[in-house]
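Structure at a glance
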Amino acid sequence: MKIRLTILLCSLIFLKVNAQNSNDLIIKDIDILTMKSSDILNNKSILIQNGKIVKIDDFKKLSINKNAKIIQGKGKYIMPGLSEMHSHLPIESKVDTLLIENVAAGVTHLRIMNTKTPQLPLKERLKNSQNTISPKLHYSHIIRRDIKYTEIQFDSLMTEIKKNEINFIKLFSVASEEVFDNLMKSANKNNVIVCGHYPGGIKMEKVLKSGFKSIEHLAGYEQITDEVELSKTIELTKKSGVFNCPTLDWDIMAKDLQYPDEYKNRLVYSNAPKKYLDKWEIEYNKGMEKEGIDKVLLSKEKYLPTFAYKQKILKKLSENNCLLLLGSDAGNSFQMNGFNMYEEMYNWSKAGIDNLTILKSATITPAIFFNEDKIWGTIEIGKSADLIILEKNPLEDIRNIRTVEMTIIDGKIYLKKELLSKL
Ligand SMILES: [Zn+2]
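Residues numbered from 1 in each chain as written. Predicted model: local features only at pLDDT ≥ 70, side-chain atom pairs only at ≥ 80, totals over all residues. Heavy atoms only, no water.

Per an unreviewed UniProt entry, the recorded name for the protein chain is Amidohydrolase family protein, and the organism is Flavobacterium sinopsychrotolerans.

This is the structure we're talking about:
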């Protein structure tokens, strides 16, 4: 009897705690871009409990907790949050701003590709603070030319990486082909993702067959001038399941392709706070003064064919159904963290990539990259509620991605306007 009473009491307490903690969220009557296909689920409602999507149905068919928060979605669109797949962390004091900028733009997952801030202490800090506004971070261990490990030394590194729950290795540069071989043997054996810069001096075919998971900036491909050779390489890319993260906006801004005046049409202009635009304008004018307009125009002229070739490579990769990751590599003037994803999407669109592929490359394909596509990346029952709500449909016109008005991470709501006002 005493035991039964205890069980009853325990379950009553449990029920009460559960009801009090109820953070049910309903997004009502919205058009859903699931990212499973191009189909849109019209006028459906999504029930979110404890940060997960638990039901997608007509509003009247949902069982609604009286404490549930309801967001009216009529006439709006919802899709999975964006994954920024090529981001660099600034110095410690500026990291929180970068995180807010990303969430404001609709970024719910972020792959750290380089950093001025040690990642492990950051990881620890974010774990212990519930209030930091941040996308979900995918941490990296960065390998540079000075690392000359044997396979056994790499094995110890892999153990360390797994112990610290670091998500992948980013190769910045490699000492030699032998070191690359040691790294890939060890990583494959230990199931650790290696990606990053194309390891210069090593044959493309070897890199593609090595288990190297994503190549940044289309390096390696751009050097191939022979059409047949390029086709073969792309075929092998597809066969080997290697991802590509082209970062076209890096080329555009680092090589001055939108200067002296086109940059004013950039999508960041409608989102960046005025103080950012003013700062960039000063940087731009200083740069122009230093270089001189003639020199800028000449180097731009010289680089344009390379850029056009990169656009062509991207189009070919897409036509051959290769895996693509959208990353914006922000860092120059007129590139705003998070919001630069919009810019990169538009760059892809101008290169001839269809809108569904672009959006998938920023949602489900990144989840596949991390082997986490069962957890996030689409709008489906059981998935994390990492979502964005938009005023207009980005499948119709990719520039509609600018109309993100709300970001939801694990069911927690952030309004773009509010976050922008914090900057
Ligand atoms: Zn980069």
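So, next bit.
A look at the overall build of the protein chain
Of regular secondary structure, the protein chain possesses 14 helices and 17 strands. Over its C-alpha trace the protein chain gives a radius of gyration of 23 Å, about what one expects of a compact globule, namely 22 Å for 423 residues. The buried share among the 423 residues of the protein chain stands at 53%. Accessible surface for the protein chain amounts to roughly 20,200 Å². Of this, 52% is attributable to carbon and sulfur atoms. (Helix = DSSP H or I, 4+ residues; strand = E, 2+ residues; numbered from the N terminus. Rg over C-alpha atoms; globule rule 2.2 N^0.38 Å. Buried < 20%, exposed > 50% of the residue type's maximum accessible area, 1.4 Å probe, protein only. Areas by Shrake-Rupley, 256 points an atom, 1.4 Å probe, with all protein chains shown as cover.)

Structural notes on the packing of aromatic side chains
Any aromatic ring pair is given by two values, namely how distant the centres are and how the planes are angled relative to each other. Inspection of the entire model under this criterion finds 16 aromatic pairs. Aromatic ring contacts, followed pair by pair, group Tyr-259, Tyr-263, Tyr-269, Tyr-276, Trp-280, Tyr-284 and Phe-334 into a single cluster. (Phe/Tyr/Trp six-rings, centres within 6.5 Å; stacked < 30°, edge-to-face > 60°.)

Examining the coordination of the zinc ion
For the zinc ion, every protein donor is listed as His-86 (NE2), His-88 (NE2) and Asp-329 (OD), and the spread of their distances is 2.0 to 2.7 Å. Counting residues between consecutive donors of the zinc ion along the chain gives the motif H-x1-H-x240-D. (Donors = N, O, S within 2.8 Å, 3.2 Å for Na, K, Ca; no water.)

A closer look at the packing of helix 7 (residues 227-240) against helix 10 (residues 293-319)
The relative placement of two packed helices is expressed as an angle between their axes plus a distance between the axes. Interaxial distance between helix 7 and helix 10 falls to 10 Å at its minimum, and their mutual angle equals 45 degrees. On the basis of the axis angle, helix 7 is oblique to helix 10. Handedness of the helix 7/helix 10 crossing: right-handed. When helix 7 is examined against helix 10, the residues Glu-227, Leu-230, Ser-231, Ile-234 and Thr-237 are found in contact with a partner set consisting of Tyr-309, Lys-312, Ile-313, Lys-316 and Leu-317. Its residues placed into classes, the contact of helix 7 with helix 10 shows five nonpolar, two polar and three charged. (Axes fitted to C-alpha atoms, helices over the stretch in contact; angles between N-to-C directions. Parallel < 35°, antiparallel > 145°, perpendicular 65-115°, else oblique. Left-handed = near helix turned anticlockwise from the far one by under 90°. Contact = heavy atoms within 4.5 Å. Nonpolar A, V, L, I, M, F, W, Y, C, P; charged D, E, K, R; others polar.)

Notes on the state of the cysteines
Here is the idea: a disulfide is a covalent bond, and it sits between the sulfur atoms of two cysteines. Taken as a whole, this structure holds zero disulfides when the rule is applied. Distance from the sulfur of Cys-245, which forms no disulfide, to the nearest cysteine sulfur (Cys-195) is 8.9 Å. Distance from the sulfur of Cys-322, which forms no disulfide, to the nearest cysteine sulfur (Cys-245) is 14 Å. (Disulfide = S-S within 2.5 Å.)

Focus on helix 10
Given a rise of 1.5 Å per residue, 27 residues ought to cover 39 Å, and the 38 Å separating the end C-alpha atoms of helix 10 matches this to within 8%. Within the sequence span of helix 10, burial applies to Val-296, Lys-300, Tyr-303, Phe-307, Tyr-309, Lys-310, Ile-313, Leu-314, Lys-316, Leu-317 and Ser-318. Downstream of helix 10 by a residue or two, Asn-321 has a phi angle that is positive, lying close to 55 degrees. (Expected span 1.5 Å × (residues − 1).)

What to know about the UniProt feature "domain: Amidohydrolase-related" (unreviewed entry) in the protein chain
Residues annotated in UniProt with the feature "domain: Amidohydrolase-related" (unreviewed entry) correspond here to residues 77-413. Across residues 77-413, the secondary structure splits into 43% helix and 17% strand, with the terminal C-alpha atoms separated by 15 Å. (UniProt positions renumbered as here; feature names shortened; annotations may be inferred.)

Describing the pattern of salt bridges
Inspection of every chain in the model, using the stated rule, returns 28 salt bridges. Between Asp-386 and Lys-136 there is a salt bridge; the shortest N-O distance is 2.9 Å. Linking Asp-386 in the loop between helix 13 (364-369) and strand 15 (387-390) with Lys-136 in strand 8 (residues 136-138), this pair joins segments that are 250 residues apart in sequence. According to the relative accessible area criterion, Lys-136 is partly exposed, its value standing at 21%. Of the charged contacts, one joins Glu-283 and Lys-279 as a salt bridge, the two residues approaching to 3.3 Å between their closest N and O atoms. One end of the pair is Glu-283 and the other is Lys-279, both in helix 9 (residues 274-291) and four residues apart, which spans about a single turn. Via salt bridges that share partners, Lys-36, Glu-380 and Lys-383 belong to a single interconnected network. (Salt bridge = Lys/Arg side-chain N within 4 Å of Asp/Glu carboxyl O.)

Remarks on the sheet that holds strand 8
An order of 6-7-8 is seen for the three strands of this open sheet, with the pairing classed as parallel. Looking along the sheet, the strands with just one partner apiece sit at the ends: strand 6 (82-89) and strand 8. With strand direction ignored, the average angle separating the axes of adjacent strands in the sheet is 30 degrees. Sheet topology note: the strand 7 (residues 107-115)/strand 8 ladder contains three bridges and is parallel. When the sheet's bridge partners are listed, Leu-110 is paired in strand 8 with Leu-137. Against the sheet, helix 11 (residues 340-350) contacts strand 6 and strand 7, and its axis sits at roughly 115 degrees relative to strand 6. (Pairing = 2+ DSSP bridges.)

Description of empty space enclosed by the protein
Throughout the structure, instances matching the rule amount to two cavities of 30 Å³ or more. Computed from the structure, the largest cavity encloses a volume of approximately 40 Å³. Contributing to the lining of the largest cavity are Pro-80, Gly-81, Ser-83, Thr-108, His-109, Thr-363, Trp-376, Gly-377 and Asp-386. Partitioning the lining of the largest cavity into residue classes produces two nonpolar, six polar and one charged. Among the elements of the structure, strand 6 and helix 2 (92-105) are those that each provide at least two residues to the lining of the second largest cavity. At four residues, strand 6 tops the list of elements feeding residues into the lining of the second largest cavity. Residue classes in the lining of the second largest cavity are distributed as two nonpolar, seven polar and one charged. (1 Å grid on protein atoms, 1.4 Å probe; cavity = no way out; pocket = protein on both sides within 12 Å on 5 of 7 lines; lining within 4 Å. Points joined across faces, edges and corners; volume = space filled by probe spheres on them.)

A short note on the pairing of strand 6
Across the eight residues of strand 6, seven count as buried, placing the element largely inside the fold. Both strand 6 and strand 7 contribute to a ladder of six bridges, which runs parallel. Bridge pairing in strand 7 links Leu-89 to Thr-115.

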